[in-house]
Amino acid sequence: MDLENWMGSLKDVIWNKKLSSIVIPGTHDSGTYCINSNSKRTKLLPDLQCLNPLVGLIGAPWARTQQYSIADQLVNGVRYLDLRVLLDSDEEKFYLVHSFEGGEFWKELEGVAEFVQKHPTEVLILDMNHIYYCNENDVRGMLKRVEGMFGNKLCSPPIPGSSVKTYGEMIDSNQTVIVAITEYPEQDNSKYVYADLKNQFSWLWGSEANVVSPWGNSDDVTQLHENLKKSMAEPRAPDSVHVAQTILTPQTKDVVIGLFEEPSNLEQLAEILNVHLQDWFGEFHKDYNLNIAIVDFLTPALIEYLVNLNSTK
């Protein structure tokens, strides 16, 4: 299968389907592929004083969630990116973060924009569901630059109560990029009013309202499966897309135990879950109308499996 252009290849199948009814592969903490023990820690980590020199060695392997760059993720078929953005006040730069600084935001986004220009049949969802340590001017400036990069490719959210567009409507209108940000900045030590931003940037989606993404918050495979089924069975608003977070969340005890035995990093933890995911995806597609599935250390094989589900229902 041509994963680089899979939406275009399946246009006869998905043309009249709403975006919320298409199975879409996504990555969790998409910009963390480059995190390593030398990566700069962020203010999101507590000050551990005497343990600070060891934080990178211990923490970074649990912060890296992907093995492929964002550019490679897109070529491999990923169409949903989970972007956690932090303003580094020391460098005055935006980074994609997961406790440590990963990819530089604008460099990564330039690669996304290049992909969009070269792949007019592919729809992307850029979900900035966490924006850390920014004020309203910071965010307005960031969104203005995003607007300049994607221009008329940006797709506005549906009017509350109406439905998201079909794939065909997005292609016909040449609006193939969705950008969402969190409506609750205070949880990320940021200050802005989403409604005010929405008045200026009509294309802006709300992460909580329009991109519904319940967190399973478990390090146990069986418990996560039950949590996902429960959340996916809940009624869905027609003006939103739905994310299934098929990821295990390491707890403090996992990190401590990992000092002595496997799993000793997030990749090994993900391997424990990912062997079950084809079965889960088949079940969720059949019983719960699987929409977006995000995965840690997502492989092309799993992406192809997800894409092929679009032809089975």
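Everything discussed here concerns the structure shown above.
Here we summarise the structure given alongside this text.

Analysis parameters
Residues numbered from 1 in each chain as written. Predicted model: local features only at pLDDT ≥ 70, side-chain atom pairs only at ≥ 80, totals over all residues. Heavy atoms only, no water. Buried < 20%, exposed > 50% of the residue type's maximum accessible area, 1.4 Å probe, protein only. Helix = DSSP H or I, 4+ residues; strand = E, 2+ residues; numbered from the N terminus. Pairing = 2+ DSSP bridges. Contact = heavy atoms within 4.5 Å. Core = buried A, V, L, I, M, F, W, Y, C linked by side-chain atoms within 4.5 Å.

### What to know about the pairing of strand β2 (residues 80–88)
Then step 1. Most of β2 is tucked away, with nine of its nine residues classed as buried.
Then step 2. Every second residue of β2 is oriented toward a common face, with Y80, D82, R84, L86 and D88 on one face and L81, L83, V85 and L87 on the other, all of them buried.
Then step 3. Here β2 pairs with strand β5 (residues 124–132) via six bridges, running parallel. Across the sheet, the residue bridging to L81 is L126, located in β5.
Then step 4. Pairing of β2 with strand β3 (residues 93–98) involves four bridges; the strand directions are antiparallel. Of the residues in β3, the one forming a bridge with D88 is K93.
Then step 5. Turn length for the β2-β3 hairpin, with the two strands adjacent in sequence and antiparallel, is four residues, and the turn residue E92 shows positive phi of about 55°.

### What about the environment of P300?
Then step 1. Residue position: P300 is located in helix α13 (residues 300–309).
Then step 2. Put simply, P300 and N76 are 224 residues apart on the chain and 6.0 Å apart in space, counted from C-alpha to C-alpha.
Then step 3. Here P300 is in contact with L3, Y68 and N76, once residues within four sequence places are set aside.

### A look at the nonpolar core
Here is a general trend for soluble globular proteins: nonpolar side chains tend to be buried in one another's company.
Then step 1. Core analysis: the biggest nonpolar cluster contains 86 residues, and L19, L126, M128, F150, I181 and L290 have the highest contact counts within it.
Then step 2. A per-element tally of this core places helix α5 (residues 105–118) first, with seven residues.
Then step 3. With sequence-adjacent residues up to four places away left out, L19 is seen in contact with I24, V123, I125, V164, K165, T166, M170, I178, V241 and N291.
Then step 4. By size, the runner-up hydrophobic cluster in this structure holds five residues, among which are I35, A60, A63 and F100.

None of this, on its own, says anything about what the molecule does.
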